[in-house]
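# Topology and contacts: notes
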Amino acid sequence: MVKSYLRYEQAAVFGVISSGDSNITYDSSGKHLLAPALEKVGVWHVRQGVCTKTLTPSSAGKLISVTSLASSPHTSLIAAGYSDGSIRIWDSEKGTCETTLNGHKKAVTALRYDKLGSKLASGSKDDDIILWDVVGESGLYRLRGHRDQVTDLVFLNSGKKLVSSSKDKFLKVWDLDTQHCMQTISGHHSEIWSIDVDPEERFLVSGSADAELRFYTIKHESEDGQSISNGNGIVTVGSGDPPIHTKWEVLKMFGELPRKSNEGRVATVRFNKSGNLLACQVAGKTVDIFHVLDEDESKRKAKRRLHRKKEKKSAKGAPDVLENGDKNRVVGEEGNSPAVTVPDVFKLLQTIRASKKICSISFCPNTTKSLMATLALSLNNNLLEFYSIGSDATNKTLSVELQGHRSDVRSVALSSDNTLLMSTSHNAVKIWNPSTGSCLRTIDSGYGMCGFIIPNSECALVGTKSGTMEIINIGSGTCIESVEAHGGSVMSIAAIPNENGFVTGSADHDVKFWEYEVKQKSAQNSKQLVVSNVRTMKMNDDALVVAVSPDAKYILVALLDCTVKVFFMDSLKLFLSLYGHKLPVLCMDTSSDGDLIVTGSADKNLKIWGLDFGDCHKSLFAHEDSVTAVRFVPNTHYMFSAGKDRIVKYWDADKFQLLLTLEGHHAEVWCLGISNRGDFIVTGSHDRSIRRWDRTEEPFFIEEEEEKRQLEMIESELDNVVESRYPKEEIPEVGAVALVGKTSKETVTAADAIIDAIDISDAELKRLAEHEEEKSRGSVADFKPNSLMNGLSPSEYVLRACSNVQTNDLEQTLLALPFSDALKLMSYLKDWTLNHDKVELVCKIALVLHQTHYNQLVSTTAARPMLTALNQILYPEVKELKDLIGHNLAGLEHLKQLMASRSDALFQDAKSKLQEIRAQHSKRLHARTSTGGEHNLSKKRKTKNNKSNDGHAWV
């Protein structure tokens with residue numbers, strides 16, 4: 001009879017506030033901050049400092065992490081890029097995944113929405129850029145031209161152009177209408193890490209490891225196709241064609257600004273929503289905040305600078321020289337206006353210094369009137385900080401830190417009733433609810449190396465790296481006492497079963513036996529734990545691990561000399577010496593019946609010993625790196641092991657076989673705890689996460705799991721062979737355009753489903769023809785349709801198979817079809833056009849198949865009538881739908897204008913237009929009042945009132 005086991009699956013992940021693999025970003029409302037938490041995205045309520053939602057992908061068995069985040073400007077949609085190249089669009093309000101976009105082969109490193117939020121650009125470590133249609137949930141095209149990882153992206157000219165930066169030291173400007181690279185900008189001497197553009201698109205800034213920030217002016221095109229300049233840049237506007245060397249110049253060098261803190265590279269540059277602030281985050285602990293002056297202020301500053309320069313020259317007796325040879329010169333409206341340089345526009349306002357290294361920054365889109373901006377920082381110690389930026393000072397307003405450890409989780413311990421979980425780290429002890437993952441207490445402590453919770457008590461013990469033993473009161477959340485226990489690090493604590501005692505092992509070569517007693521204070525009602533040392537055993541080397549047998553008869557000590565010593569508990573005489581490990585034993589445990597000992601070592605092996613004779617039953621190569629934790633499941637011979645290879649494994653110690661491989665951690669797993677019923681285990685890791693794995697009711701068999709592991713190994717080897725056999729093609733300097741999708745299991749499965757549907761439909765059509773022929777001969781037998789088609793006609797059955805394919809996978813699915821099946825599929829397209837809802841799908845299928853099989857279709861005589869019929873049908877259908885959509889858009893625009901004019905609650909567009917009109921009026925009046933006298937000023941005040949009234953009436 002084949003033995004079955006019960007499966008363990010990951011049930012909860014807690015302790016991670018923000019991981020450093022991705023950026024943070026605010027949502028469109030500014031009320032929530034989105035922070036990456038390994039494979040999840042946490043939605044944090046900024047004012048409350050609470051994680052309201054957690055966006056978790058449903059990719060079981062895949063070890064992925066969030067690598068990039070972007071928020072839609074007008075909706076609650078969030079784009080999250082992952083390490084496997086996928087992009088998921090989340091609704092942050094509902095907490096649901098709207099769609100999954102697959103196109104990149106490596107981790108996504110950059111995401112950016114356009115101003116409307118209808119398009120999404122993504123960059124990856126595979127050097128490619130993909131444009132996505134967010135509304136249609138499909139990829140548009142792939143842009144190829146960079147020679148290294150794409151680091152950042154930004155849209156220009158209302159989404160008509162795209163600027164990309166890369167580690168290859170180049171900036172590239174892409175024309176999205178013609179899908180080609182129109183400009184390549186060099187100049188940086190190192191990798192470009194971040195770019196951004198202000199909301200008015202006056203300047204584009206780029207940051208790298210160079211000692212300065214580079215600024216570019218942006219050339220825009222008017223509606224009639226003429227070139228204009230926005231901001232301080234100048235481009236002549238005329239009816240003739242521009243010069244060839246400036247025709248494709250979208251970005252023009254404006255100047256450079258030396259960085260104050262040039263110790264590290266620039267990690268992020270970002271403008272705030274209003275465009276008056278620029279933040280430059282260095283890959284360290286500082287963020288420089290620059291004040292961005294408008295055109296009038298920058299020109300006045302340039303005039304003052306020029307005036308001071310002339311005064312200095314006149315004082316020295318030198319003749320006045322006009323400033324015409326300035327590298328950073330930009331001419332304004334008047335021909336004799338002074339040159340505006342980068343320091344005239346960007347002024348260093350303040351510098352924010354964080355306590356730890358900063359991973360990412362994000363400006364809040366909404367700010368109060370008293371503040372200039374609010375900035376959120378994610379630090380590499382699992383921390384979020386929020387700063388309010390004023391004109392005079394910058395203040396830290398909030399810090400989210402209590403929900404996680406600042407560094408590695410070094411040990412975990414469960415209470416006797418499994419209701420409390422204690423975890424230790426370098427400076428704090430945290431008490432958790434293991435079922436909900438909520439942090440109940442945070443107690444300051446030393447570097448906790450080990451610990452355990454006293455049974456049936458509110459107290460716990462923590463052994464520290466400094467050699468002290470701290471007594472923790474869980475109820476009050478305080479450290480009651482710190483006992484000087486050892487002269488070296490306390491490496492291990494083991495409780496003595498059925499006694500009020502425990503054993504500690506230390507790096508000072510001592511193994512100490514302790515007794516504890518819970519005493520009632522006379523003056524207070526609280527209870528206090530008192531510990532006392534009763535015995536000490538000297539060892540020849542550092543005691544790394546101590547364990548006590550279940551009957552308290554033996555004590556086991558693992559030493560730094562790679563051996564394990566077994567002593568009698570009462571007499572402390574040596575009973576056994578276990579030799580065999582090549583490196584020190586890092587973890588050890590005994591089974592509940594006392595028959596077996598398991599040891600895990602830095603030599604990556606597990607060894608199973610018999611406690612009666614000390615013989616080694618089996619040596620197992622368990623992990624790819626050091627084994628850090630091992631525990632038996634109570635009352636069984638099953639055991640769990642964890643290692644530095646990020647994996648937790650489930651074993652059968654009787655059959656010496658691997659049962660399950662539990663993948664989930666993103667860094668070394670340091671510790672492991674198991675409930676007294678064995679229904680769940682808890683693991684702690686270097687990635688600061690604590691994960692709970694629950695035992696389910698789903699049975700599994702060893703043979704099936706072994707087959708799955710072998711299939712995964714074969715698939716990974718095949719992928720590596722394909723990548724090595726087909727090297728990456730050479731991309732021209734001007735770039736290239738390619739298809740978006742990539743071949744995956746989903747696309748292959750979808751292609752097989754379409755082929756099966758075509759075969760079944762062809763067989764059904766053949767049966768129908770034979771039935772009609774028999775009917776014409778006089779046969780009256782009833783036709784019985786194929787039950788697999790669920791009552792659908794052959795055409796409808798194939799249409800359903802095509803409709804079930806995800807929009808993003810449609811291209812790659814059609815590419816996988818042989819030409820014979822593609823020809824059969826095209827024969828159904830004419831019938832599908834009668835369904836107006838499927839015209840878009842028909843057009844996509846027709847275009848992809850026509851582009852893929854163009855040569856074969858042209859040379860195939862039978863395909864010509866089919867192509868001619870599609871040509872005559874599709875154009876009128878598409879034009880009709882286009883007119884319908886245009887009519888609906890015009891109607892909605894008219895309704896919006898009517899409602900905006902009749903209601904005080906303005907639409908966002910109407911409100912922004914009104915603000916623009918008011919700003920233009922104020923600028924004109926300010927210019928007139930500055931040049932006129934008192935008499936003109938009184939007249940212009942009257943004109944101001946009349947014009948403002950006219951403006952309100954028009955809106």
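Everything numeric in this text was worked out from a predicted model, so none of it was measured.

### Some words on the nonpolar core
Counting residues in hydrophobic clusters, the biggest one holds 35 residues, and the most contacted among them are Leu-814, Leu-825, Leu-829, Trp-832 and Ile-845. Taken together, the elements giving at least two residues each to this core come down to α5 (745-776), α6 (794-803), α7 (810-815), α8 (819-832), α9 (839-852) and α11 (863-902). Those residues in contact with Trp-832 that sit more than four places away from it in its chain are Ser-795, Val-798, Leu-799, Cys-802, Leu-825, Lys-838, Val-842 and Ile-845.

### A closer look at the sheet that holds strand β56 (residues 680-685)
Taking strand neighbours across the sheet as the criterion, the four strands line up as β1-β57-β56-β55 in an open arrangement whose pairing is antiparallel. Sheet topology places β1 (4-14) and β55 (669-674) at the edges, where each strand pairs with a single neighbour. The mean angle between the axes of side-by-side strands here comes to 30 degrees, regardless of whether they run parallel or antiparallel. Pairing between β1 and strand β57 (residues 690-701): nine bridges, direction antiparallel.

### A short note on the sheet that holds strand β48 (residues 596-601)
Read from one edge to the other, the open sheet built from four strands follows the order β47-β48-β49-β50, with strand pairing classed as antiparallel. The sheet is open, and its two edges are formed by β47 (585-590) and β50 (616-621), each paired on a single side. The sheet shows a mean angle of 15 degrees between the axes of neighbouring strands, taken without regard to direction. Here β47 runs beside β48; their pairing, made up of five bridges, is antiparallel. What sits directly across from Thr-590, in β48, is Ile-597.

### Remarks on a negative patch on the surface
Judged by side-chain charge, Asp-593, Asp-595, Asp-612, Asp-615 and Asp-654 come together as a negatively charged surface patch. As for its position among the elements, Asp-595 is in the loop between β47 and β48. Here Asp-595 falls in the partly exposed class, since its relative accessible area comes to 43%.

### Overview of the confidence of the model for the protein
Low pLDDT marks regions whose predicted coordinates should not be analysed in detail. With 86% of its residues at a pLDDT of 70 or more, the protein has an overall mean of 85. pLDDT under 50 marks residues 233-240. Its contacts with residues more than four places away, or in other chains, come to 13 contacts. Note on residues 321-335: pLDDT under 50 across the span, and 28 contacts to partners over four residues away in sequence or across chains.

### Topic: unusual backbone geometry
With a phi angle near 75 degrees, Asp-127 is a residue other than glycine that sits in the positive phi range. Note on Asp-127: relative accessible area 12%, which makes it buried. Backbone geometry at Arg-688 places phi at a positive 70 degrees, although glycine is not the residue there. The residue Arg-688 is located in the loop between β56 and β57 in this model.

### Digging into the environment of Gly-477
With respect to the helices and strands, the residue Gly-477 is situated in the loop between β37 (468-473) and β38 (478-484). According to the relative accessible area criterion, Gly-477 is buried, its value standing at 17%. The sequence separation of Gly-477 and Ile-443 amounts to 34 residues, and the corresponding C-alpha distance is 5.8 Å. Residues contacting Gly-477, with those up to four places away along its chain left out, are Arg-441, Thr-442 and Ile-443.

### Concerning the side chain of Glu-39
Note on placement: Glu-39 falls in the loop between β3 (32-37) and β4 (40-45). A polar atom in the side chain of Glu-39 sits 3.0 Å from the side chain of His-666.

### Notes on the packing of α8 against α9
It is at 10 Å that the axes of α8 and α9 come closest, and there the two elements cross at 150 degrees. Looking at the two axes, α8 sits roughly antiparallel to α9. Here α8 and α9 pass one another in a crossing that is left-handed. From α8, Ala-822, Leu-825, Met-826, Leu-829 and Trp-832 reach across to α9, where they touch Val-842, Ile-845, Ala-846 and Leu-849. Of the residues belonging to the contact of α8 with α9, the class tally is nine nonpolar, no polar and no charged.

Reading the values: the criteria
Residues numbered from 1 in each chain as written. Predicted model: local features only at pLDDT ≥ 70, side-chain atom pairs only at ≥ 80, totals over all residues. Heavy atoms only, no water. Core = buried A, V, L, I, M, F, W, Y, C linked by side-chain atoms within 4.5 Å. Buried < 20%, exposed > 50% of the residue type's maximum accessible area, 1.4 Å probe, protein only. Helix = DSSP H or I, 4+ residues; strand = E, 2+ residues; numbered from the N terminus. Contact = heavy atoms within 4.5 Å. Pairing = 2+ DSSP bridges. Axes fitted to C-alpha atoms, helices over the stretch in contact; angles between N-to-C directions. Patch = residues over 30% accessible without salt bridge, like charges linked within 9 Å, V, L, I, M, F, W, Y side chains within 5 Å. Areas by Shrake-Rupley, 256 points an atom, 1.4 Å probe, with all protein chains shown as cover. Salt bridge = Lys/Arg side-chain N within 4 Å of Asp/Glu carboxyl O. Lys, Arg positive; Asp, Glu negative; His and termini not counted. Charge placed at Lys NZ, Arg CZ, Asp CG, Glu CD. pLDDT = per-residue confidence, 0-100. Polar contact = N/O pair within 3.5 Å; in protein donor to acceptor, adjacent residues only side chain to side chain. Parallel < 35°, antiparallel > 145°, perpendicular 65-115°, else oblique. Left-handed = near helix turned anticlockwise from the far one by under 90°. Nonpolar A, V, L, I, M, F, W, Y, C, P; charged D, E, K, R; others polar.

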